[in-house]
Amino acid sequence: MTESISNAKYRWRCPSNIAIVKYWGKKENQIPCNSSLSMTLSNSFTEVELELKEKTTSQVIELSYFFEGKRNIHFEQRVHQYLKDQVLDFPFLNQFHLTFHSTNSFPHSAGIASSASAFGAIALSILDAAQDFSKESISQEYFFKKASSLARLGSGSACRSMFSGYAVWGKNEAILGSNDEFAIELPKVHPNFQNMQDAILIVEKEPKKVSSSVGHSLMRNHPYAQVRFLQANERTKRLHEILLSGDFEDFIQITESEALTLHAMMLTSKDYYLLMKSGTLLAIEKIMEFRKETGIPICFTLDAGPNVHVLYAQDYKEEVNRFLNSQLTNCVQEIIFDNMGAGPNKMTR
Ligand code: PMV
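Cut-offs applied
- Residues numbered from 1 in each chain as written.
- Predicted model: local features only at pLDDT ≥ 70, side-chain atom pairs only at ≥ 80, totals over all residues.
- Heavy atoms only, no water.
- Near = heavy atom within 4 Å.
- Polar contact = N/O pair within 3.5 Å; in protein donor to acceptor, adjacent residues only side chain to side chain.
- Areas by Shrake-Rupley, 256 points an atom, 1.4 Å probe, with all protein chains shown as cover.
- Nonpolar A, V, L, I, M, F, W, Y, C, P; charged D, E, K, R; others polar.
- Phe/Tyr/Trp six-rings, centres within 6.5 Å; stacked < 30°, edge-to-face > 60°.
- Helix = DSSP H or I, 4+ residues; strand = E, 2+ residues; numbered from the N terminus.
- Lys NZ or Arg CZ within 6 Å of the ring centre and 35° of its normal.
- Core = buried A, V, L, I, M, F, W, Y, C linked by side-chain atoms within 4.5 Å.
- Buried < 20%, exposed > 50% of the residue type's maximum accessible area, 1.4 Å probe, protein only.
- Contact = heavy atoms within 4.5 Å.

Sorry, what's going on with the site of the ligand here?
Close to the ligand lie 14 residues, the nearest being Y23, S155, S157, R160 and H216. Separating an oxygen atom of the ligand from a side-chain N or O atom of R160 is a distance of 2.7 Å. The contact in question runs from an oxygen atom of the ligand to an N or O atom on the side chain of H216, over 3.0 Å. Coverage of the ligand by the protein amounts to 90% of the 380 Å² it exposes when considered alone. Looking at the shell around the ligand residue by residue, the classes come out as five nonpolar, six polar and three charged.

Here it is, written out as structure tokens:
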């Protein structure tokens, strides 16, 4: 152990991402039942600082997890379990006391799924530390590929946050290099889809009643599961083509149908449940009306929660933001204006 490694700090910022074709249903080891395609965000991110401190015992993992300055025991237990599973690959994890300090750029009660950005930043800081113990240097491309795979084990969708722009995760016959272990970046997209805006309408800030892990597990005996997995793979393939060709109308159709299909899966599972709120439906109706009346190509998507993501091209930013700020304030609590992002950053502050 070198002096410089004990007390070393590794800081990473990792953005969240919004899935356009949704991952819903998984196998062992966070292997997805279908391929998914997402857009990386810019302003919605988590920053994590990992500090390694020398300790005397090295049999068990010791960690403290602070979120916005306060110890968060609940998340600490989740991270503890996650790291326990990684010790064979990263033996330093039980040779040091690990302290994580994390913050989110978005209000923590905003109901935005933060596990993708949090596990993304945790995976990056672990891998960064691991580089200090390793004699081999690896390429930047390989680093992010490994980070994607490691993040996936904490939260499936986190593996897509490692890349700029659009990312695909899950084996898809039509997309070269796509696989179940880590996500890949889609390097060439049509200018129509570059600099896409995402206004996140916060309909409710409460934590959701049913977690994503329960939702994924309900896909195991779901009557529509097999058809859904085929449909998602077909849509990932089609969306990939659309992102290359620039067809915004088809983009809207797939994006909105995916959001509704995700919630339809929840509504039709054996233990059915409902995450949309009246504000969600009101916002969706207003977005569709606005599109019809103005011809401006905007569309909505949903996460596994009541909040609505509004996607639109930068060219329409002024009109759309005016519409959102004037017409939607009565059904939403807050609007977070975000846009397509460039992926994670190592912080040097
Ligand atoms: O990564 P998880 O296990 O939180 O699942 C995320 C699932 C959705 O956000 C609903 C869809 C997706 O592909 O991100």
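Additional details are given in the paragraphs that follow.
I keep staring at the packing of aromatic side chains and nothing clicks. Help me out?
Pairs of aromatic rings are described using the distance from one ring centre to the other and the angle between the two planes. Tallied over the entire structure, the rule returns 15 aromatic pairs. The interplanar angle of 70° and the centroid separation of 4.6 Å between the aromatic rings of Y23 and W169 together place this pair among those described as edge-to-face. Linking Y23 in the loop between β1 (9-21) and β2 (26-27) with W169 in strand β8 (residues 166-169), this pair joins segments that are 146 residues apart in sequence. Members of the aromatic cluster, each reached through a chain of ring pairs, are Y65, F75, Y82, F100 and F119. The positively charged end of R13 is found above the aromatic ring belonging to F45, 4.0 Å away from the centroid.

Where do I start with the nonpolar core in this structure?
Within soluble globular proteins, side chains that are nonpolar tend to cluster in buried spots. Among the nonpolar cores identified, the biggest contains 46 residues, and L83, L98, F100, I122 and I126 are the most heavily contacted of them. The greatest single-element share of this core, amounting to 11 residues, is contributed by helix α2 (residues 115-133). When residues no more than four places from it in sequence are discounted, the contact partners of F100 are V48, E49, L50, L63, S64, Y65, F66, V79, L83, I122 and S125. Among the nonpolar cores identified, the runner-up in size contains 31 residues, and I18, F182, F193 and A232 belong to it.

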